[in-house]
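Structural overview
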Amino acid sequence: MQSISAAFRARPLTRAFTSRPVDGFVGAIGNTPLIRLHKLSEQTGCNIVAKSELQNPGGSVKDRAALGVIRDAEKRGLLKPGGTVVEGTAGNTGIGLAHVCRARGYRCVIFMPNTQSQEKIDLLRMLGAEVHPVPAVAYENPANYNHQARDFAKSLPNAIWTDQFDNTANAEAHYQTTGPEIWEQTEGKVDAFICATGTGGTLAGIGRALKEKSDGKTQVWLADPPGSVLYSYISSGGKLTERSGGSITEGIGQGRITNNLGTFVKNIDGALHIPDEKSIAMLYDLLDTEGLYLGASSALNVVAAVELAKKLGPGKTIATILCDGAYRYQSRLFSKKWLQAKGLESAIPEHLRKYAVLD
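These notes cover the structure that comes with them. Per chain, the residues get numbers from 1 upward, laid out in the order the sequence is written. The predicted origin of the model limits local features to residues at a pLDDT of at least 70 and limits the giving and counting of side-chain atom pairs to 80 or more, whereas totals for whole chains, interfaces and linings rest on all residues. Computation of side-chain values: all heavy atoms of the structure, hydrogens and water removed.

**Quick notes on the overall build of the protein chain**
Here a helix means four or more residues in a row that DSSP labels H or I, a strand means two or more in a row labelled E, and each is numbered from the N terminus. When you go through the protein chain residue by residue, the secondary structure sums to 15 helices and 10 strands. Note that the radius of gyration is over C-alpha atoms, with the globule rule given as 2.2 Å times the number of residues to the power 0.38. Its C-alpha atoms give the protein chain a radius of gyration of 20 Å, near enough to 21 Å, the size a compact globule of 359 residues would have. Only the protein chains shown count as covering a residue, and every accessible area follows the Shrake-Rupley method with a 1.4 Å probe. For the protein chain, the computed accessible surface area is about 15600 Å², with 50% contributed by carbon and sulfur atoms. Counted as positive: Lys and Arg. Counted as negative: Asp and Glu, with His and the chain ends omitted from the count. Positions of charges follow a simple convention, taking NZ of Lys, CZ of Arg, CG of Asp or CD of Glu. Placing the 40 positive and 35 negative side-chain charges of the protein chain at their respective mean positions leaves the two points 2 Å apart.

**A look at the environment of E74**
Along the polypeptide, E74 turns up in helix α4 (residues 62-75). Summary of the burial criterion: residues with accessible area below 20% of their type's maximum are buried, those above 50% are exposed, and those between are partly exposed, where the area comes from a 1.4 Å probe applied to protein chains only. Using a relative accessible area of 22% as the deciding quantity, one classes E74 as partly exposed. Setting aside anything within four residues of it in sequence, one finds E74 in contact with L79, R104 and Y106. Contacts were defined at the residue level, with two residues in contact if any of their heavy atoms lie within 4.5 Å.

**Topic: the pairing of strand β7 (residues 192-196)**
Every other side chain in a regular strand lies on the same face of the sheet, so the side chains alternate between the two faces. When you tally the buried positions in β7, you get five out of five residues, the bulk of the element. Every second residue of β7 is oriented toward a common face, with A192, I194 and A196 on one face and F193 and C195 on the other, all of them buried. A pair of strands is labelled paired if DSSP reports no fewer than 2 bridges between them. Relative to strand β8 (residues 219-224), β7 runs parallel, the two being bridged by five bridges. Among the inter-strand pairings, F193 is bridged to a residue of β8, identified as V220. Following the backbone out of β7, through helix α9 (residues 201-213) and into the adjacent parallel β8, one traces a crossover that is right-handed. Seen with its strands pointing away from the viewer, a crossover is right-handed when the path leading from the first strand over the helix to the second is clockwise.

**Remarks on the sheet that holds strand β3 (residues 84-88)**
Taken together, four strands build an open sheet; the order of strands is β5-β4-β3-β6 and the sheet is parallel. Unpaired on one side and paired on the other, β5 (130-134) and β6 (159-161) mark the two borders of the sheet. Shown here is a sheet whose adjacent strand axes are inclined to one another by a mean of 15°, direction ignored. In terms of strand pairing, β3 meets β6 through three bridges, oriented parallel. Opposite V86, over in β6, you have W161 as the bridge partner. Axis definition: a line fit to C-alpha positions, over the contact stretch in the case of helices; interaxial angles, taken between N-to-C directions, run 0 to 180 degrees.

**Topic: the sheet that holds β7**
Judged by pairing direction, the sheet is mixed, and its six strands sit side by side in the order β1-β2-β10-β7-β8-β9 without closing on themselves. The strands lining the two open edges of the sheet, one partner per strand, are β1 (34-36) and β9 (270-273). Going across the sheet, the axis of each strand differs from the next one's by a mean of 25°, ignoring polarity.

**Observations concerning α4**
Expected helix span is given by 1.5 Å per residue-to-residue step, counting one fewer step than there are residues. Here α4 contains 14 residues, and its C-alpha end-to-end distance of 20 Å stays within 8% of the 20 Å for a straight helix at 1.5 Å per residue. With respect to burial, α4 is a largely interior element, 10 of its 14 residues being buried. Taken together, the buried positions of α4 are K62, D63, R64, A65, A66, L67, G68, V69, I70 and A73. Packed against the buried residues of α4 are α2 (24-27), β2 (47-52), β3, α5 (92-104), β6 and α8 (169-185). Immediately beyond the C-terminal end of α4, within one or two residues, lies G77, with a positive phi of roughly 75°.

**Some points on the packing of α4 against α5**
Packing of α4 against α5 leaves a shortest axis separation of 8 Å and a crossing angle of 50°. Comparing their axes, α5 and α4 come out oblique. Here the hand of the crossing between α4 and α5 comes out right-handed. Judged by residue contacts, K62, D63, A66, L67, V69, I70, R71 and E74 of α4 engage N92, T93, G96, L97, V100, C101 and R104 from α5. Classifying every residue of the contact of α4 with α5 by side-chain character gives seven nonpolar, three polar and five charged. Oblique is the label for any angle not covered by the other classes, which are roughly parallel (under 35 degrees), roughly antiparallel (over 145) and roughly perpendicular (65 to 115). Two helices that cross are described as forming a left-handed crossing if the nearer one is turned anticlockwise from the farther one by less than a right angle, and a right-handed crossing if clockwise. Residues are grouped as follows: Ala, Val, Leu, Ile, Met, Phe, Trp, Tyr, Cys and Pro are nonpolar; Asp, Glu, Lys and Arg are charged; every other residue, Gly included, is polar.

**Section: the nonpolar core**
I194 and Y284 are the most contacted members of the largest nonpolar core, which has 43 residues in total. Listing elements by their share of this core, those giving two or more residues are β2, β7, β8, α12 (276-290), α13 (296-312), β10 (317-322) and α15 (336-341). Here this core takes 10 residues from α13, the largest share from any one element. Not counting the four nearest positions on each side in its chain, I194 is found in contact with W221, L222, A223, L272, A304, A305, L308, I318, A319, T320 and I321. Here, nonpolar core means buried Ala, Val, Leu, Ile, Met, Phe, Trp, Tyr and Cys residues that are tied together by side-chain atoms lying within 4.5 Å of each other.

**Some words on helix α7 (residues 145-154)**
Burial in α7 covers these residues: Y145, N146, H147, A149 and A153. Its buried side turned inward, α7 meets β3, β4 (107-113), β5 and β6. Where α7 begins, one side-chain oxygen reaches toward the backbone nitrogen of N146, 2.8 Å away; that side chain belongs to N144. The definition of a polar contact used here is a pair of N or O atoms within 3.5 Å, where within protein one atom must be able to donate a hydrogen and the other to accept one, and adjacent residues in sequence count solely through side-chain atom pairs.

**Examining the packing of aromatic side chains**
Here is the rule: rings of Phe, Tyr and Trp (six-membered ring for Trp) pair when centre to centre is within 6.5 Å. Planes less than 30 degrees apart are stacked, more than 60 are edge-to-face, and the remainder are tilted. Overall, the coordinates contain four aromatic pairs when judged by the stated rule. Both rings, one in Y284 and one in F334, keep their centres 5.2 Å apart while their planes meet at 45°; by these two values the pair is tilted. Taken together, the residues Y284 in helix α12 and F334 in the loop between α14 (330-333) and α15 connect sequence positions 50 residues apart. Given the relative accessible area of 5%, F334 is considered buried. Consider the rings of Y293 and F334, whose centres lie 5.3 Å apart with planes at 25°: the pair is stacked. Of this pair, Y293 sits in the loop between α12 and α13 while F334 sits in the loop between α14 and α15, and the two are 41 residues apart along the sequence. Chaining the aromatic ring pairs together yields one cluster made of Y284, Y293, Y327 and F334.

Laid out in structure tokens, this is it:
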């Protein structure tokens, strides 16, 4: 590991420019940095690297899916100038869509569960999106926010429901961009990739790209929060169980195999279940040791990368995704009252609780 660590330390203090000027907001999506997590790499004897998707112009990994599904609809003639883009989203996809719609001249309408953070709802409205918070009910219920979005789009002329969960243009965007970027940034030396999944697009697209480029040598694992069935599905060899419980993470976890995940699910090498206690502790640790201000799903991904590194042994390169920053969740994640209400304050090491500055 000395040579890996020394190589990273020898790099210049500034990051080289990756391109010439880009064409507006959409041109700035992608080509995000791959960050080596120093402390965790040293602790595990592995090279743990994380794709910093919070550095997309809309602030999250979902910018890629948003652009991918809109471009696909344009290419197929489903969306014409002045049209309406409708989606059911738990947050970041809606934010990405709102940005892309502003940049390309479309109306944006978002249906979302009323359990989402106020920061996300406010931001969507600031970006000009029409937001409809609706009761959070199971996917099977006709009143589910995804179905309401679909039905609303059908009622309008020149409108599309982007269908982020089952529209495989989502996974294709990551196959075409994120996966190849990770391969290039690791110089083709990535032993494993792991992340959590909501729509399945990120994991499926990146996984497919890395499997192809490595001739199947790169392992691809799924990380899963409480309340999701995907860990048990993968671990049992394909048996779906009833979804129960919940998690502090937003936008990840699933009760079914989406079309996006279905494009790759048979090629997943394994799965890890990550409890909220580990995610919140990692969130505070990364702020303290790496200066990274991250959302809970990003922290979960890093926990999973560390656990996978321990499974695979020293000398390996493990890649994951930093989905977004903490800015959209800070009223919860750094609130003492919220942490206490969730029974998570004790999961944070005492020396790190100083960062919970909100009452």
